[in-house]
Amino acid sequence: MKVLKLHPLMTVSLLQMQFQRLLSCNIAVYLRNSPANAFDTLGEAGFPEEMLIEFPIDETLSLREFEEELEDKFNFTLELCNKDNKPFTNKSMHLFQLIASLSDGKKHNNEYNAQLDITLERLLNNNHQGPQQIAC
């Protein structure tokens, strides 16, 4: 089962890496109806949670259903895109049809997995540290 990891301090670029790894596609995230840049966080895009959320991906959903579910559940807007960052026109296509193309680049995906795990770990470790005290 594929699991999407979401955190309010996660950047759009980190979320894009997850989608490339999990669904073999790109995404466009919107911040107040305008495309977000790579350094905007999910919190800025409307993600309401205060901690890491692990969201299992139902691969039987259509692209449209998946996008709507994420928007309803997590309060930010995204659109699944092809490798050229153009939104998919066939929104009735199912997620498992996207995932089927993953076997083409397993070595590349393993590099994404390692980099994504390290980045998430750093993000969570920095977030859990208490306020730093300054010696006077």
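Small disclaimer: the values here were computed from a predicted structure and weren't measured.

(A) Focus on the environment of Pro48. Within the secondary structure layout, Pro48 lies in the loop between helix H2 (42–45) and strand E4 (53–56). The spacing of Pro48 and Lys73 is 25 residues in sequence and 9.3 Å in space, taken between C-alpha atoms. Excluding anything up to four places from it in sequence, Pro48 contacts Phe74 and Asn75.

(B) Seen up close, unusual backbone geometry. If you check the backbone angles, Ser24 has positive phi at about 55° while not being a glycine. Tracing the backbone through its elements, the reader meets Ser24 in the loop between helix H1 (12–23) and strand E2 (26–31). You will see that Asn85, though not glycine, has its phi angle at about 65°, which is positive. Take Asn85: it is sitting in the loop between strand E5 (77–81) and helix H4 (95–99).

(C) Just the nonpolar core, in detail. The biggest cluster of nonpolar side chains holds 34 residues, and the ones touching the most others in it are Leu15, Phe19, Phe66, Phe76 and Leu80. Going through the elements one at a time, strand E1 (3–6), H1, E2, H2, E4, helix H3 (63–74), E5 and H4 are the ones with two or more residues in this core. When residues of this core are assigned to their parent elements, the largest contribution, 7 residues, is made by H1. With residues near it in sequence (within four places) discarded, Phe19 still touches Leu4, Ser24, Cys25, Ile27, Phe66, Leu70, Leu78 and Leu80.

(D) Representation of H3 within the structure. Taking 1.5 Å per residue as the helical rise, H3 with its 12 residues ought to reach 16 Å, and the 16 Å between its terminal C-alpha atoms agrees with that figure. Among the residues of H3, Leu63, Phe66, Glu67, Leu70 and Phe74 are the ones counted as buried. All buried residues of H3 lie within an arc of 100° about the axis, which places them on one face of the element. Buried-residue contacts for H3 involve E1, H1, E4, E5 and H4. Two residues or fewer after H3 comes Asn75, characterised by a positive phi angle close to 65°.

(E) Representation of the packing of aromatic side chains in the model. In this structure the tally under the stated criterion is 4 aromatic pairs. Look at Phe47 and Phe74: their rings are 5.6 Å apart centre to centre, the planes differ by 40°, and that puts the pair in the tilted class. On the criterion of sequence distance, the pair formed by Phe47 in the loop between H2 and E4 and Phe74 in helix H3 is long-range, its members being 27 residues apart. Owing to a relative accessible area of 5%, Phe47 belongs among the buried residues under this scheme. By relative accessible area, which is 4% here, Phe74 ends up buried. Here the aromatic cluster, defined as three or more aromatic residues joined through ring pairs, consists of Phe47, Phe55, Phe74 and Phe76.

(F) Layout of a negative patch on the surface. Together, Asp58, Glu65, Glu68, Glu71 and Asp72 give the surface a local cluster of negative charge. The residue Asp72 is located in helix H3 in this model. Under the relative-accessibility criterion, Asp72 is labelled exposed at 68%.

The rules behind each value
Residues numbered from 1 in each chain as written. Predicted model: local features only at pLDDT ≥ 70, side-chain atom pairs only at ≥ 80, totals over all residues. Heavy atoms only, no water. Helix = DSSP H or I, 4+ residues; strand = E, 2+ residues; numbered from the N terminus. Contact = heavy atoms within 4.5 Å. Core = buried A, V, L, I, M, F, W, Y, C linked by side-chain atoms within 4.5 Å. Buried < 20%, exposed > 50% of the residue type's maximum accessible area, 1.4 Å probe, protein only. Expected span 1.5 Å × (residues − 1). Arc of directions from axis to C-beta. Phe/Tyr/Trp six-rings, centres within 6.5 Å; stacked < 30°, edge-to-face > 60°. Patch = residues over 30% accessible without salt bridge, like charges linked within 9 Å, V, L, I, M, F, W, Y side chains within 5 Å. Areas by Shrake-Rupley, 256 points an atom, 1.4 Å probe, with all protein chains shown as cover. Salt bridge = Lys/Arg side-chain N within 4 Å of Asp/Glu carboxyl O. Lys, Arg positive; Asp, Glu negative; His and termini not counted. Charge placed at Lys NZ, Arg CZ, Asp CG, Glu CD.

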